[in-house]
Amino acid sequence: MKHLILKLVLPLTLFSFVFVTKWAYVLPEDAPDDMLFGFPLPYRCSGWHTSLSEQYFLMEMAFDLLVYFIIWLAIIYLVNRLIAVRPNRAIVAALWLVTVLSLAFPVLRASNPDNVFKTKRDFKYEEVDTGVHFMWDSETNPDYEKYFPEEKR
């Protein structure tokens, strides 16, 4: 099972963490309405001090990564119990390549010098609506248009 963690669970965890998450339209206390991203805890939102910046909450992000890891570990463990999983070397290399390439965009996005990294989220909020967010959904997401019409941007 140890080799499956390195070969399958870890790249699938990082890949799914980058590509699939949850969005939430929220009304924070003493701040403008905003979209938070992260599952099960929101770990990213826009920065309120300057445009094009973001806020990252590291404890929530670490917890989310742990949840994704546990989910993939359970799936691979159960499949391995039913059928012996022996990943092909080429499939593992391709999976790692796709994972590393998919991490490039979020790493570049997070490297903005105006971004704020906090240990924990320091504001309360009221959640208005939620949904599934894929990496390729941004402003073209129909739900985004509902809350942030063109004249408001």
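Quick caveat: nothing in here was measured; it's all calculated off a predicted structure. (Residues numbered from 1 in each chain as written. Predicted model: local features only at pLDDT ≥ 70, side-chain atom pairs only at ≥ 80, totals over all residues. Heavy atoms only, no water.)

Student: Explanation requested: the overall build of the protein chain in the structure shown.
Tutor: Of regular secondary structure, the protein chain possesses four helices and six strands. For the protein chain, the succession of helices and strands along the chain, N to C, is α-β-β-β-β-α-α-β-β-α. Taking all 153 residues of the protein chain together, the buried fraction comes to 35%. Excluding contacts between residues fewer than 6 apart, the proportion of contacts in the protein chain whose partners are at least 24 apart in sequence is 67%. About 9700 Å² of surface is accessible on the protein chain, with carbon and sulfur atoms providing 66% of the total. (Helix = DSSP H or I, 4+ residues; strand = E, 2+ residues; numbered from the N terminus. Buried < 20%, exposed > 50% of the residue type's maximum accessible area, 1.4 Å probe, protein only. Contact = heavy atoms within 4.5 Å. Areas by Shrake-Rupley, 256 points an atom, 1.4 Å probe, with all protein chains shown as cover.)

Student: Mind showing me how you'd approach the pairing of strand E1 (residues 20-28) here?
Tutor: Taken residue by residue, a regular strand's side chains alternate between the two faces of the sheet. In terms of strand pairing, E1 meets strand E6 (residues 125-134) through nine bridges, oriented antiparallel. Counted as the bridge partner of Thr21 is His133 from E6. Here E1 pairs with strand E2 (residues 34-37) via four bridges, running antiparallel. Along E2, the bridge assignment pairs Tyr25 with Met35. (Pairing = 2+ DSSP bridges.)

Student: Looking at this structure, how should I read the sheet that holds strand E3 (residues 44-46)?
Tutor: The pairing of strands in a sheet happens through backbone hydrogen bonds and is either parallel or antiparallel. Spatial ordering of the open sheet is given by E5-E4-E3-E2-E1-E6, a layout of six strands whose pairing is mixed. The open sheet is flanked by strand E5 (116-118) and E6, the only strands paired with a single partner. When the angles between neighbouring strand axes are averaged without regard to direction, this sheet yields 25 degrees. Both E3 and strand E4 (residues 54-57) contribute to a ladder of three bridges, which runs antiparallel. Bridge pairing in E4 links Cys45 to Gln55. Against the sheet, helix H1 (residues 2-19) contacts E1 and E6, and its axis sits at roughly 40 degrees relative to E1. Seen against the sheet, helix H2 (residues 58-82) touches E1, E4 and E5 and runs at an angle of roughly 65 degrees to E4. (Axes fitted to C-alpha atoms, helices over the stretch in contact; angles between N-to-C directions.)

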